Amino acid sequence: MSSVVNDRRGSTARFGLVFALGAALSFGMSGAWARGLMDAGWTPGAAVTARMWVAALVLLVPTLLALRGRWTAVRKNAGMILAYGLLAVTAAQLCFFQAVAVMDVGIALLIEYTAPIAVVLWLWARRGERPGARGMIGAVVALVGLVLMLDIVTGARVDLGGIGWALGAMVGAATYFLLSARSDTGLPPIALAGLGLLVGALGLTVAGAVGILPMAWNTHDVVYRFGSVPWFVPVLAIGVVATALAYTLGIVSTRKLGSRVASFVALSEVIAALLFGWIFLGQLPDLLQACGGLLVLAGVVLVKLGEPAVAEEFAATPEPVTEPVSPV
């Protein structure tokens, strides 16, 4: 009997790993596709709005099906859904697209991936949950990596605007992790993702209509390193593959692996972003930036290893946790 149980757990973990890697690969291509649109004359606001409307429409039917008999939970958590849609989804994606408009995709994503460290610091300041030794060391290592990655020590020109937008994406991602950790809402994961995308799409559309958010787009072909494609190819790729499919795969993977294990696998999104940045745009970090990026990843791993019960989850049955592990 124990061998049968272990086989099932092993099979579940293998499938979960495949889904988690698929989610990371899907999320990782969003920045490269979006940069092509922006180089063709699209504003970041227009690119994000198109992305969110496509993804929200793709997830609309699954969201409605998941909410059958659960509309009371939607009313009770209306404030949280609003915050999730505007901060955890919209702010994270908009700031990330603003960042990749002026800096390399991989560098922007690495800055955003310091979000787990921001979560640790927030919990320390807000709830008094002091991080352990690993967490403290990891934060310092990631900070050193961030300095190297931005070429500050060499005196290179730093795009402060791009760094500011990437840090804004980090704050949005940290909000995403904090809100996704709530297990008392009664909302199915895919419903929360679908509602958040719909709220964000509506909010961005209103902001663009009243002139708060610059909106410009066109139907010109979009040029990438491998050639030109019609404008709707990157729009559909970002909305369907890099958002709707990525969220769905992320949900499945976290249910099979648990949130902590899946979040480790999600670090492969950085590698995917660097790969797509090279294939689509010809962007590659130099040696110093690459070393800095490795230190950032190492720091995040140390921070996550310092979380409670990480070791236990690797050995235990995966917990049915909620959300995909990446907001990008």
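Since the model is a prediction, treat every value here as computed from it, not as a measurement. (Residues numbered from 1 in each chain as written. Predicted model: local features only at pLDDT ≥ 70, side-chain atom pairs only at ≥ 80, totals over all residues. Heavy atoms only, no water.)

A.B. asks: What is the right way to look at the packing of aromatic side chains in this model?
C.D. replies: Two aromatic rings, taken as a pair, are described by how far apart their centres are and by the angle between their planes. Considering all chains together, one arrives at 10 aromatic pairs under this definition. On the basis of an interplanar angle of 10 degrees and a centroid distance of 5.6 Å, the ring pair of Y224 and F226 is categorised as stacked. Classification of F226 by relative accessible area gives partly exposed; the value is 47%. Joined through ring pairs, the aromatic side chains of W33, Y224, F226, F276 and F280 make up one cluster. (Phe/Tyr/Trp six-rings, centres within 6.5 Å; stacked < 30°, edge-to-face > 60°. Buried < 20%, exposed > 50% of the residue type's maximum accessible area, 1.4 Å probe, protein only.)

A.B. asks: Is there a simple way to think about the confidence of the model for the protein in this case?
C.D. replies: Residues with a pLDDT of 70 or more make up 83% of the protein, whose mean pLDDT is 80. Contacts of residues 310-325 to residues separated by more than four positions or lying in other chains number 51 contacts, the stretch itself having pLDDT below 50. (pLDDT = per-residue confidence, 0-100. Contact = heavy atoms within 4.5 Å.)

A.B. asks: For this particular structure, what's the right way to read the side chain of T63?
C.D. replies: Relative to the helices and strands, T63 resides in helix α4 (residues 60-66). Accessibility expressed as a relative area gives 3% for T63, which makes it buried. In this view, T63 contacts I190, A191, G194 and L195; residues no more than four positions away in its chain are not counted. (Helix = DSSP H or I, 4+ residues; strand = E, 2+ residues; numbered from the N terminus.)

A.B. asks: For this particular structure, what's the right way to read the environment of L82?
C.D. replies: Tracing the sequence through the fold places L82 in helix α6 (residues 78-100). Residues L82 and L198 lie 116 residues apart in sequence; the distance between their C-alpha atoms is 9.9 Å.

A.B. asks: Even after reading the chapter, I still don't get the UniProt feature "transmembrane region" (unreviewed entry) in the protein, so can you show me in this structure?
C.D. replies: Taken from the UniProt record, the annotation "transmembrane region" (unreviewed entry) applies to residues 50-67, 79-99, 105-125, 137-156, 162-179, 191-217, 229-249 and 261-281. Helix makes up 100% of residues 79-99 and strand makes up 0%, while its end C-alpha atoms are separated by 28 Å. The straight-line gap between the two end C-alpha atoms of residues 105-125 is 31 Å; of that span, 90% is helix and 0% is strand. (UniProt positions renumbered as here; feature names shortened; annotations may be inferred.)

A.B. asks: Could you clarify how one ought to interpret the side chain of N218 in this entry?
C.D. replies: Note on placement: N218 falls in the loop between α11 (189-209) and β1 (222-224). At 3.1 Å, the side chain of N218 and the backbone nitrogen of H220 are in polar contact. Leaving out residues up to four positions away in the same chain, N218 has contacts with A40, G41, W42 and W231. (Polar contact = N/O pair within 3.5 Å; in protein donor to acceptor, adjacent residues only side chain to side chain.)

A.B. asks: Mind showing me how you'd approach the nonpolar core here?
C.D. replies: When a protein is soluble and globular, its nonpolar side chains tend to lie buried together. Y84, F96, F97 and L187 are the most contacted members of the largest nonpolar core, which has 80 residues in total. Broken down by element, the residue count for this core peaks at 11 residues, all from α6. Counting six residues, the second largest nonpolar core, distinct from the first, contains A115, L123, M170 and A173. (Core = buried A, V, L, I, M, F, W, Y, C linked by side-chain atoms within 4.5 Å.)

A.B. asks: In this structure, what is going on with helix α8 (residues 115-127)? I would like to understand it.
C.D. replies: The periodicity of an α-helix, 3.6 residues per turn, causes residues three or four positions apart to be oriented the same way. For α8, built from 13 residues, the straight-helix expectation of 18 Å at 1.5 Å per residue is met to within 8% by its first-to-last C-alpha distance of 18 Å. All of the buried residues in α8 are A115, P116, I117, V119, V120 and L123. Immediately downstream of α8, the backbone of G128 shows phi near 75 degrees, a positive value. (Expected span 1.5 Å × (residues − 1).)

A.B. asks: When you look at the packing of helix α9 (residues 133-149) against helix α15 (residues 287-305) in this model, what are you seeing that I'm missing?
C.D. replies: Axis angle and axis distance: for two packed helices, these are the angle between their axes and the distance between the axes, and together they describe the pair. Look at α9 against α15: their axes get within 7 Å of each other, and the N-to-C directions meet at 165 degrees. It follows that α9 is roughly antiparallel to α15 by the angle criterion. Judged by the twist between their axes, the crossing of α9 over α15 is left-handed. The segment α9 lies against α15, with R134, G135, I137, G138, A139, V141, A142, V144, G145, L146, L148 and M149 engaging L288, Q289, G292, G293, L295, V296, A298, G299, L302, V303 and L305. Class assignment of the residues belonging to the contact of α9 with α15 gives a composition of 15 nonpolar, seven polar and one charged. (Axes fitted to C-alpha atoms, helices over the stretch in contact; angles between N-to-C directions. Parallel < 35°, antiparallel > 145°, perpendicular 65-115°, else oblique. Left-handed = near helix turned anticlockwise from the far one by under 90°. Nonpolar A, V, L, I, M, F, W, Y, C, P; charged D, E, K, R; others polar.)

A.B. asks: I tried to follow a nonpolar patch on the surface on my own but got confused; where do I start?
C.D. replies: There is a patch of nonpolar side chains on the surface, built from V58, W231, F232, L236 and V240 and spanning about 400 Å² of accessible area. Residue contributions to the nonpolar patch peak at three residues, all from helix α12 (residues 232-257). Tracing the chain through its elements places F232 in helix α12. (Patch = residues over 30% accessible without salt bridge, like charges linked within 9 Å, V, L, I, M, F, W, Y side chains within 5 Å. Areas by Shrake-Rupley, 256 points an atom, 1.4 Å probe, with all protein chains shown as cover. Salt bridge = Lys/Arg side-chain N within 4 Å of Asp/Glu carboxyl O.)

A.B. asks: It is not clear to me how the pattern of salt bridges should be interpreted in this structure. Could you clarify?
C.D. replies: Pairs may arise between side chains of opposite charge once their charged atoms sit close together. Applying the stated criterion to the full structure yields one salt bridge. For R35, the salt bridge goes to D39, with nearest N and O atoms at 3.2 Å. In this pair, R35 and D39 both sit in helix α2 (residues 30-39), four residues apart, roughly one turn of the helix. You can call D39 exposed: its relative accessible area is 52%.

A.B. asks: I tried to follow the environment of L109 on my own but got confused; where do I start?
C.D. replies: Within the fold, L109 resides in helix α7 (residues 105-112). Take L109: its relative accessible area is 1%, and that puts it in the buried class. C-alpha separation for the pair L109 and L167, spaced 58 residues apart in sequence, amounts to 9.8 Å.

A.B. asks: What is the right way to read α15 from this model?
C.D. replies: Here α15 is 19 residues long and its end C-alpha atoms lie 27 Å apart, about the 27 Å a rise of 1.5 Å per residue gives. Within α15 the residues assigned to the buried category are Q289, G292, G293, V296, L297, G299, V300, V303 and K304. One side of α15 holds all its buried residues, which, seen down the axis, span an arc of 160 degrees. For α15, the exposed residues lying more than 90 degrees away from the buried face are L287 and L294. (Arc of directions from axis to C-beta.)

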